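# Architecture at a glance
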2 protein chains.
Amino acid sequence: MPRTARQPVEVAAVKQKILDVALDLMLTEGFTALSMRKVAAHSSMTAANIYNYFSNKDEIYLAIQTRGFEMLLERFAVIAQEVMPPLSKIKALIRAYLDFGLQHAGLYEIMFTRNTPKFADYVGTPLEPTAAVEKNTALQLAALAAQVISDLISTRPDLKGLDPAYQTVQLWTALHGIVSLYNSRVLQEADEQYTATMERLAADLLRPFEDGASDSRRKKNRNSKDPNANRRSSNAE
Amino acid sequence: MPRTARQPVEVAAVKQKILDVALDLMLTEGFTALSMRKVAAHSSMTAANIYNYFSNKDEIYLAIQTRGFEMLLERFAVIAQEVMPPLSKIKALIRAYLDFGLQHAGLYEIMFTRNTPKFADYVGTPLEPTAAVEKNTALQLAALAAQVISDLISTRPDLKGLDPAYQTVQLWTALHGIVSLYNSRVLQEADEQYTATMERLAADLLRPFEDGASDSRRKKNRNSKDPNANRRSSNAE
DNA sequence: CATATTAAATGAACGCTGTTAATTAAATGC
DNA sequence: GCATTTAATTAACAGCGTTCATTTAATATG
């Protein structure tokens, strides 16, 4: 008797359209400009109608978050598939992360610093599958980074004891600290030479992977089988 | 003829009262609960009246931010004045920072991750002196940490080349990365053993101050004059 | 003391926000 | 064509930061 419902693919298209607009607004006008009414206007519909596709604004945040992870993952994947020494790959990943974080500060904020909904908030709810996509994408990121780090470790006998997963988290938290403090403009206040400092910080992130930098991370003993490591720069200053 | 104006100390008391309420609301109910009307209600006045004491909400954020820095500075000062080995002091500072960040997540957010107004936003405005207090408190924090680090370096010949200011920033960004990712609950998603990981991360922050860990931190990056850095990995792939 | 003058506080309003409910418009099967 | 279901809209609510006109309160002077 009645009007027939649209194909699932059509309703998905509308959802996608909304998300495209939302992400675009987020990237161009920043976090604060993201309102339901603005998204609706740019999508040629009413704010209320968005609630036929998303249960609330948080769900849109979740989707944007996922897109952010996908964007970063894409950059990472390009680097990962290139043929180059593992250490250079790590360096490239670091650079990509920093660039992404500074370039898309608003998006980065949603992903990592804002109290936007996370996967754990949706377990047991109808949206758990959607949230699982977000978590999965993020984990792919970590796995990819861990793989590159693992590659390096396996080709470097002096790094044999390192745990790729831990090294990944360590690198990640350090990178995030730099990006987040920069984007909140606190770093600029505390250090006038913040640009040079950031470069140096980035370079120092490779320190765990330097010559013979392995063992104290491994377990306890670290009495120097490599005493000549720091002899070179005695002329500094 | 007219009604006489209140003593500056009286109007300052009202301002203080407002800030007390605002900080209390922030600490107890979180960032989102901080509205002008709520602050006003808890201060037995109207929202509009707050604008006789603060020009806008941002100015309240700025003040709360300052209070946050003062709170953290107080914790740091207690540790700094204690008599103990420099390395233990650094360890205690690290612990204090982490505790503060996790304990007062909302306040920490205003100080370091939110896009709340910073000193640079007020140069040339009537509020520059107020903002200068904020910046000054933050710089005292950094100076205090740098002093402790400097103490350590001066008592340890093997660390002679380290720059206390840079070490401070490095430590700070790393700590912030941990706190921020934890508070945004992303770390918990990516690493199920996040508690143990955080402990390990905190411990590893002392790595630059380990035995003979000095020199490559001392000056520039050395990629151009050091072609043998990644020679060992020529067998990769 | 009464009054004019000023200070402090208020009430009301504006435009915005996220969200819900009632209503309308549109499309389809019988 | 009609009944029925879907999709979209309009209207409204409560709250937000902020501004402005108004009221309340206090005081120095005639």
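Before reading further, recall that the structure is shown in the block above.
Residues numbered from 1 in each chain as written. Chains lettered and ligands numbered in written order. Predicted model: local features only at pLDDT ≥ 70, side-chain atom pairs only at ≥ 80, totals over all residues. Heavy atoms only, no water.

### Quick notes on the overall build of chain A
The condition that has to hold: We count a stretch as a helix when DSSP gives it H or I for four or more residues in a row; a strand needs E for two or more, and each element gets its number in order from the N terminus. It only takes one pair of heavy atoms within 4.5 Å for two residues to be counted as in contact. All accessibility values rest on the Shrake-Rupley procedure with a 1.4 Å probe; residue burial counts only the protein chains present in the view.
Scanning chain A for helices and strands turns up 11 helices and 0 strands. For chain A, the α and β elements follow one another from N to C terminus as α-α-α-α-α-α-α-α-α-α-α. For chain A, the share of sequence-separated contacts (at least 6 apart) that also reach a separation of at least 24 residues comes to 66%. Accessible surface for chain A amounts to roughly 11800 Å². Of this, 53% is attributable to carbon and sulfur atoms.

### Concerning the packing of helix α10 (residues 194-204) of chain A against helix α8 (residues 164-183) of chain B
What counts, and what does not: Note on method: axes are straight lines fitted to C-alpha atoms, helices fitted across the in-contact stretch only, with angles between N-to-C directions ranging 0 to 180 degrees. Roughly parallel covers angles under 35 degrees, roughly antiparallel covers those over 145, roughly perpendicular covers 65 to 115, and oblique covers all other angles. Less than a right angle of anticlockwise turn of the near helix away from the far helix marks a crossing as left-handed, whereas a clockwise turn marks it as right-handed. Put simply, Ala, Val, Leu, Ile, Met, Phe, Trp, Tyr, Cys and Pro go in the nonpolar bin, Asp, Glu, Lys and Arg in the charged bin, and everything else, Gly too, in the polar bin.
Contact geometry for α10(A) and α8(B): axes closest at 11 Å, N-to-C directions at 65°. Put simply, α10(A) runs roughly perpendicular to α8(B). Between α10(A) and α8(B) the crossing geometry is right-handed. Each of Thr197(A), Arg200(A), Leu201(A) and Asp204(A) in α10(A) lies in contact with α8(B), whose residues at this interface are Tyr166(B), Val169(B), Gln170(B) and Thr173(B). Tallied by class, residues from the contact of α10(A) with α8(B) come to 3 nonpolar, 3 polar and 2 charged.

### Points about the side chain of Arg156(B)
Residue and element names in this part refer to chain B. What counts is decided by this rule: Think of it in three bands: with a 1.4 Å probe and only protein chains considered, a residue is buried below 20% of the maximum accessible area for its type, exposed above 50%, and partly exposed in between. For this analysis, a polar contact is any N or O atom pair within 3.5 Å, provided that within protein one partner can donate a hydrogen and the other can accept it, and provided that sequence-adjacent residues contribute only side-chain to side-chain pairs.
Turning to its location among the elements, Arg156 is positioned in the loop between α7 (128-154) and α8. Overall, the relative accessible area of 17% leaves Arg156 in the buried class. Within the local environment of Arg156, its side chain forms a polar contact with the backbone oxygen of Phe209, the two atoms lying 2.7 Å apart. The contacts of Arg156, once residues within four sequence positions are left out, are Phe209, Glu210 and Asp211.

### Quick look at helix α1 (residues 8-29) of chain B
Residues and elements named next belong to chain B. This is how it is decided: An expected span of 1.5 Å times one less than the residue number is assigned to each helix.
Counted at 1.5 Å a residue, the expected span for α1 with its 22 residues is 32 Å, and the 31 Å between its end C-alpha atoms agrees. Buried residues along α1 sit in contact with α2 (36-42), α3 (47-50), α4 (57-81) and α6 (105-113). Residue Gly30 follows α1 closely and has a positive phi angle near 90°.

### A word on the environment of Tyr166(B)
With respect to the helices, strands and loops of the structure, Tyr166(B) is situated in helix α8. With relative accessibility at 4%, the residue Tyr166(B) sits in the buried group. In this structure, the C-alpha to C-alpha distance between Tyr166(B) and Ala146(B), residues 20 residues apart in sequence, is 8.6 Å. For Tyr166(B), the residues in contact, after removing those within four places along its chain, are Thr197(A), Arg200(A), Leu201(A) and Asp204(A). Engagement of the side chain of Tyr166(B) in a polar contact is seen with the side chain of Asp204(A), the distance being 2.6 Å.

### Describing the side chain of Thr197(A)
Along the chain, Thr197(A) turns up in helix α10. Classification of Thr197(A) as buried rests on a relative accessible area of 8%. Non-local contacts of Thr197(A), meaning those with residues more than four positions away in its chain, are made with Asp191(A), Tyr166(B) and Val169(B).

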